[in-house]
Amino acid sequence: MTNTTKILLAVLAFVLLLGGCGYNGMLTQSKKVDEKWAMVESAYQARADKVKGLAAIVKNAADYERQTLTDVIEARSKATSVNISADNLTPETLAQFEAAQSQFTGALGKLLAVIEQYPDLKAVQLYRDFEYSYDELENQIKFARNEYSTAATDFNIKIKRIPNVFYASILGFYEKPLFKSNPGTENAPNVNDALKQ
């Protein structure tokens with residue numbers, strides 16, 4: 001047997017080994033996780049885009065608390081500037097993404113509380129449209145995060161099962177991070193404290 005034949009047989013054996021160790025299945029599930037991550041980013045971007053319109057409505061339609069509106073605009077800018085590639089999903093990058101989104105959510109909550117003080121603004125059709133679509137956007141975010149978490153969990157289980165556990169890291173497959181709740185969310189919010197902020 002020549003060296004070339006031996007090399008070809010070794011390559012063929014390696015390719016068969018990769019197929020037998022679940023490479024294709026791990027790759028498929030990894031790409032599903034990437035797809036679900038894209039849905040998460042899209043849902044958050046849709047909310048950010050909608051809030052940009054809300055800021056304009058508030059600015060043009062009523063007296064408002066300038067600092068609150070500024071905080072929302074700045075938080076929106078930070079939230080949309082944190083972009084994470086699906087190939088770079090780690091617990092640290094996911095925490096960074098979540099921190100920016102949480103800051104945006106908090107600033108938006110304060111703005112919505114301020115808006116409650118302006119009945120004229122609430123009567124503006126554009127604001128009513130925003131209010132209706134905002135709940136829908138939050139539900140889309142929740143759905144996208146749940147879909148991502150399910151896909152990531154399925155992938156994480158697949159790479160931890162035998163025989164995949166022996167090959168996954170060698171082939172470049174590592175656990176995908178999951179969303180975690182923010183500290184303190186296990187406690188019921190105090191509505192009076194939220195209104196004072």
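All values derive from a computational prediction rather than experimental measurement.

Caption draft 1: Main features of the overall build of the protein chain. When helices and strands are counted, the protein chain shows 8 helices and 0 strands. Burial analysis of the protein chain (197 residues in total) assigns 33% to the buried set. A sequence separation of at least 24 residues applies to 79% of the contacts in the protein chain between residues at least 6 apart. A total accessible area of about 12,300 Å² is found for the protein chain, and carbon and sulfur atoms account for 55% of it.

Caption draft 2: Region of the structure containing the pattern of salt bridges. Evaluated as defined, the whole model comprises 7 salt bridges. Among the salt bridges present, the one from D34 reaches K176, with a minimum N-O distance of 3.7 Å. Linking D34 in helix α2 (residues 23-61) with K176 in the loop between α7 (164-167) and α8 (191-196), this pair joins segments that are 142 residues apart in sequence. Of the two residues, D34 and K176, both sit in the buried class. A salt bridge links R47 to E138; the nearest nitrogen and oxygen atoms lie 3.0 Å apart. Residue R47 is located in helix α2, and its partner E138 is located in helix α6 (residues 125-160); the two are separated by 91 residues in the primary sequence. Judged by relative accessible area, R47 falls into the buried class, the value being 1%. In the salt-bridge network here, residues are joined through shared partners; they are K31, D34 and K176.

Caption draft 3: Just the nonpolar core, in detail. Of all hydrophobic cores here, the largest spans 23 residues; its most connected members are W37, V40, F97 and Y148. The element best represented in this core is α6, accounting for 7 residues. Setting aside anything within four residues of it in sequence, one finds V40 in contact with F97, A144, R145, Y148 and F179. L54, A55, A75 and A107 belong to the second largest nonpolar core, which has 16 residues in total.

Caption draft 4: Structural view of a nonpolar patch on the surface. Taken together, I162, V165 and F166 make up a surface patch of nonpolar side chains, about 320 Å² in accessible area. Tracing the sequence through the fold places F166 in helix α7.

Caption draft 5: The arrangement of the packing of aromatic side chains in detail. Applying the stated rule across the entire model yields 7 aromatic pairs. Both rings, one in W37 and one in Y148, keep their centres 5.5 Å apart while their planes meet at 65°; by these two values the pair is edge-to-face. Placement of the pair is W37 in helix α2 and Y148 in helix α6, with a sequence separation of 111 residues. Both residues of the pair, W37 and Y148, belong to the buried class. Ring-pair connections join several aromatic residues into one group, and the members of that group are W37, Y44, F97, Y148 and F179.

Caption draft 6: Region of interest: the side chain of K36. With respect to the helices, strands and loops of the structure, K36 is situated in helix α2. When its relative accessible area of 18% is taken as the criterion, K36 is described as buried. One polar contact links K36 to E147, side chain to side chain, over a distance of 3.2 Å. When residues no more than four places from it in sequence are discounted, the contact partners of K36 are A144, E147, Y148 and A151.

Caption draft 7: Highlighting unusual backbone geometry. Each neighbour pair has its own omega, and for I162 with P163 the value is 5°, a cis peptide bond. Tracing the sequence through the fold places P163 in the loop between α6 and α7.

Caption draft 8: The arrangement of helix α4 (residues 91-115) in detail. Its 25 residues place the ends of α4 36 Å apart at the C-alpha level, agreeing with the 36 Å of an ideal helix rising 1.5 Å per residue. When we look at burial in α4, the residues that qualify are T93, L94, F97, E98, A100, Q101, F104, A107, L108, L111, V114 and I115.

Caption draft 9: Quick peek at the confidence of the model for the protein chain. Overall, the prediction assigns the protein chain a mean pLDDT of 80, with 77% of residues at 70 or greater. Confidence, expressed as mean pLDDT per element, reaches its minimum in the protein chain at α8 with 46 and its maximum at α6 with 88.

Definitions and limits used
- Residues numbered from 1 in each chain as written.
- Predicted model: local features only at pLDDT ≥ 70, side-chain atom pairs only at ≥ 80, totals over all residues.
- Heavy atoms only, no water.
- Helix = DSSP H or I, 4+ residues; strand = E, 2+ residues; numbered from the N terminus.
- Buried < 20%, exposed > 50% of the residue type's maximum accessible area, 1.4 Å probe, protein only.
- Contact = heavy atoms within 4.5 Å.
- Areas by Shrake-Rupley, 256 points an atom, 1.4 Å probe, with all protein chains shown as cover.
- Salt bridge = Lys/Arg side-chain N within 4 Å of Asp/Glu carboxyl O.
- Core = buried A, V, L, I, M, F, W, Y, C linked by side-chain atoms within 4.5 Å.
- Patch = residues over 30% accessible without salt bridge, like charges linked within 9 Å, V, L, I, M, F, W, Y side chains within 5 Å.
- Phe/Tyr/Trp six-rings, centres within 6.5 Å; stacked < 30°, edge-to-face > 60°.
- Polar contact = N/O pair within 3.5 Å; in protein donor to acceptor, adjacent residues only side chain to side chain.
- Expected span 1.5 Å × (residues − 1).
- pLDDT = per-residue confidence, 0-100.

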